[in-house]
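If you want the building blocks of each chain, they are given just below.
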Amino acid sequence: MPDDVPAIALLVAANARKGGLLPRSEANIRATLKNFVVAVAPPEGPFVNDQGKPALVGCGSLAPMNSTLVELRSLAVDERARGIGVGQKIVAYLVQLARRRQFGTLFALTRAVHFFEKCGFVVAPKEFFPEKVWRDCVACPMLANCDEVAMVLPLSAEDKRLHAGLAGSARPDPAREKAIPLQVVSRMQAENKEVSVVSEREPVNKVVLAYSGGLDTACAVPWLRENYGCEVICFVADVGQGGDFEAIKRRAIASGASACIVEDLREEFANEYLFPLIQSGAIYEGKYLLGASIVRPLIAKHQVDLAARLGADAVAHAATGKGNDQVRFELSYMALNPRLKVIAPWREWHIRGRDDAIAYAQAHNIPISHSLERIYSGDRSLWHKSTEGGSLEDPWREPDPDLYSMTVAPEQAPDQPEYVEIEFLCGMPKKVNGRSMGGAELIATLNQIGARHGVGRVDLVENRLVGIKSRGVYETPGGTILRAAHQGLEELTLDRETLHFKQVVALRFAELIYNGQWFTPLRDAIQAFVTVTQRDVTGTARVKLYKGNAMLVGRKAAYSLYREDLATFLRDDVYNHQDAEGFIRLYGLPLRVKAQVDLNRAARVAQLDVAGGEGRD
């Protein structure tokens, strides 16, 4: 029962302090509660807890290692209940539970050899359980001085035939390896208990791959199956990139994935990621509206959620070892579920460039649209389109015209300007030209309007997080318009100190997003500050679009701090110009004091020079 979790944690901790087993957190116990068995004292006995209820006096759990092997762990008994058979009863029940779940072998690592022998276990070499050695023992700081003994209880008829050969065996029986499929083989040398890992990869049963259908992710599917022997589930996030999702699904299945799941995340992307980005005013290195950066935490979040729903023990991405996306994905994985194994094929496989990837795809009959003559890396979403690589690697060379596919060239844009009005409520865009729209539709509409005027093109050499300078071209037409409009309203509604401080905060916020730190306490805290600043950012902004430019030409706000009677250069009766004299004198007081000190210092130096001159004569 969930109410047992604190009592289990206390009991395990009490035994752990004596060195009998490892402690378990309440969160870990709660997550694996279905594998626990507890013993509760009878109500008429001497064992009661602080609430006067019968106390929990023993516990134990099962920890599956693979489909046939399970470990008995966290066996703990209250000191007051020792010697009355509580531990044996728990072990007996766990053995029954393991049999019901059709495990073939139950094992334990323990110092209580005689106790487990009474329960029917026999001694076995630790190398019989490389899963345990690799998963837990290899990271244990006490490994070199470990005095725990492996005990095993065969549960199936096949394992019983091996029972006689277990005790004292120096090497695993070949039949044993066949009975328990091993993806990682580790051997522990009996004389010094050192581990030698033959395989570099720990076992993975099921992985959720962030999949786009592009070259890198297409290669990742067969590679994961070949090198990890695991089931691969492809996850496609619809973030407004367009494309034929049914074709992407077919390609994923054809390359070896067991399933390909597509989720429409456009509204969540717009309302929970892009609009807060606009509210913050964050721009990376003065130009980049963070298109690829802002979408990665969203994809990772749903990838982790899908892994939990499907029982996957790993997640994977196909970001390169040179780029920023690997950091953005993996920091999000860590923040959301640190227990998941993370696989990054680009950091493991033999592929070192696009040419290798193309050759690998062709060798595995994976249909791709890339060629050696056109090796570009691209990303597209509701927010932007980016292109890197290829001819762009020469920063002197002007981008080829066909690299821009979202916007028309400014010189080919209409010769007449177009005006667009955007209405905001508390810093969130709600209407375009008077029509209410949902978040995704609003951005898509502004993309269409801005694209036909060539708005939102950026050619940038940026500083990647990993320390490499990289050139890319970006197209963000709708975002560019929204940025100009929102900034215009803030000019009216934010006081000077808040506006200036918010500009400083925006730089840090941009760095957090670019560096993959979306799911961090600092990002949450800055977001809270930004949200407060937006309480009065309600009104309408008018933007003029012409030949690649988005120019703010009008703004009005319900809570504007702008007063025409104060700002006017014409005659007014509100502002007393004589008041400025006292203000300037007070504002400049530190400067006058400093200047007076400097004058006095100069005078003293001049007197010393005169006196010294007389002495020399």
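This report concerns the structure included in the present document. Treat the numbers as computed from the prediction; the structure is a model and nothing was measured. Note that residues are indexed from 1 along each chain, following the sequence as it is written. Since the coordinates come from a predicted model, pLDDT governs what is reported: local features require at least 70, and pairs of side-chain atoms require 80 or more to be given and counted, while whole-chain, interface and lining totals use all residues. Hydrogens are left out, water is left out, and the side-chain values use all remaining heavy atoms of the structure.

Some words on the packing of helix H11 (residues 266–280) against helix H15 (residues 439–451)
Here is step 1: Here H11 crosses H15 at 80°, and the two axes come no closer than 7 Å. The angle between H11 and H15 places the two elements in the roughly perpendicular class. Here Arg266, Glu267, Ala270, Asn271, Leu274 and Phe275 of H11 lie close against H15, whose contacting residues are Gly439, Ala440, Glu441, Leu442 and Ile443.
Here is step 2: In this count, Pro and Cys sit with the nonpolar residues alongside Ala, Val, Leu, Ile, Met, Phe, Trp and Tyr, while Asp, Glu, Lys and Arg are called charged and the others, Gly among them, polar. Split into classes, the residues belonging to the contact of H11 with H15 amount to 6 nonpolar, 2 polar and 3 charged. Interaxial angles span 0 to 180 degrees and are taken between N-to-C directions of axes, which are lines fitted to C-alpha atoms, for helices over the stretch in contact. Strands here are runs of E lasting at least two residues and helices are runs of H or I lasting at least four, both read from the DSSP assignment and numbered beginning at the N terminus. These descriptions rest on fixed angle ranges, namely under 35 degrees for roughly parallel, over 145 for roughly antiparallel, 65 to 115 for roughly perpendicular, and the rest for oblique. Contacts are assigned to residue pairs that have any heavy atoms within 4.5 Å of one another.

Focus on a nonpolar patch on the surface
Here is step 1: On the surface, Tyr419, Tyr546, Met551 and Val553 cluster together to form a nonpolar patch covering roughly 330 Å² of accessible area.
Here is step 2: With respect to the helices, strands and loops of the structure, Tyr546 is situated in strand E21 (residues 539–546).
Here is step 3: To sort residues, take the accessible area from a 1.4 Å probe on protein chains only and compare it with the maximum for the residue type: under 20% means buried, over 50% means exposed, and anything in between is partly exposed. Taking the relative accessible area as the measure of exposure, Tyr546 reaches 30% and is therefore partly exposed. In this analysis, a patch consists of residues with relative accessible area above 30% that form no salt bridge, clustered at 9 Å for like charges and at 5 Å for the nonpolar side chains Val, Leu, Ile, Met, Phe, Trp and Tyr. In short, Shrake-Rupley with a 1.4 Å probe defines the accessible areas, and a residue's cover is counted only from the protein chains shown. Criterion for a salt bridge: a side-chain nitrogen of Lys or Arg within 4 Å of a carboxyl oxygen of Asp or Glu.

Details of the packing of H15 against helix H16 (residues 477–493)
Here is step 1: Remark: H15 packs on H16, axes separated minimally by 7 Å, with the N-to-C direction vectors making an angle of 100°. Taken together, the axis directions place H15 and H16 in an arrangement best described as roughly perpendicular. Contact residues: Leu442, Ile443, Leu446, Asn447, Gly450 and Ala451 in H15; Pro477, Gly478, Gly479, Ile481 and Leu482 in H16.
Here is step 2: Grouping the amino acids of the contact of H15 with H16 by side-chain chemistry returns 7 nonpolar, 4 polar and no charged.

Some points on the sheet that holds strand E19 (residues 457–463)
Here is step 1: Two strands pair under a simple rule: DSSP has to find at least two bridges between them. In space, the 4 strands of this open sheet follow the order E14-E15-E20-E19, with antiparallel pairing throughout. The two strands at the open ends of the sheet, each matched to only one other strand, are strand E14 (376–380) and E19. Direction aside, neighbouring strands of the sheet carry axes that sit 25° apart on average.
Here is step 2: Two elements, strand E15 (residues 385–389) and strand E20 (residues 469–475), share 4 bridges in a ladder whose sense is antiparallel. Across the sheet, residue Thr387 finds its bridge partner in E20, namely Val473.

As for the pattern of salt bridges
Here is step 1: Using the criterion set out here, one finds 27 salt bridges in the structure.
Here is step 2: Residues participating in the shared-partner salt-bridge network are Arg296, Asp325, Arg328 and Asp379.

Focus: the sheet that holds strand E9 (residues 206–210)
Here is step 1: Spatially, 5 strands are ordered E11-E10-E9-E12-E13 in an open sheet, and the strand pairing comes out parallel. Looking along the sheet, the strands with just one partner apiece sit at the ends: strand E11 (259–264) and strand E13 (341–343). Averaged over all neighbouring strand pairs, the angle between strand axes comes to 25°, with direction disregarded.
Here is step 2: Sheet analysis places strand E12 (residues 314–316) next to E13, joined by 3 bridges and oriented parallel. Considered in E13, the bridge of Ala316 is made with Ile343.

This is a description of form; function is not addressed.
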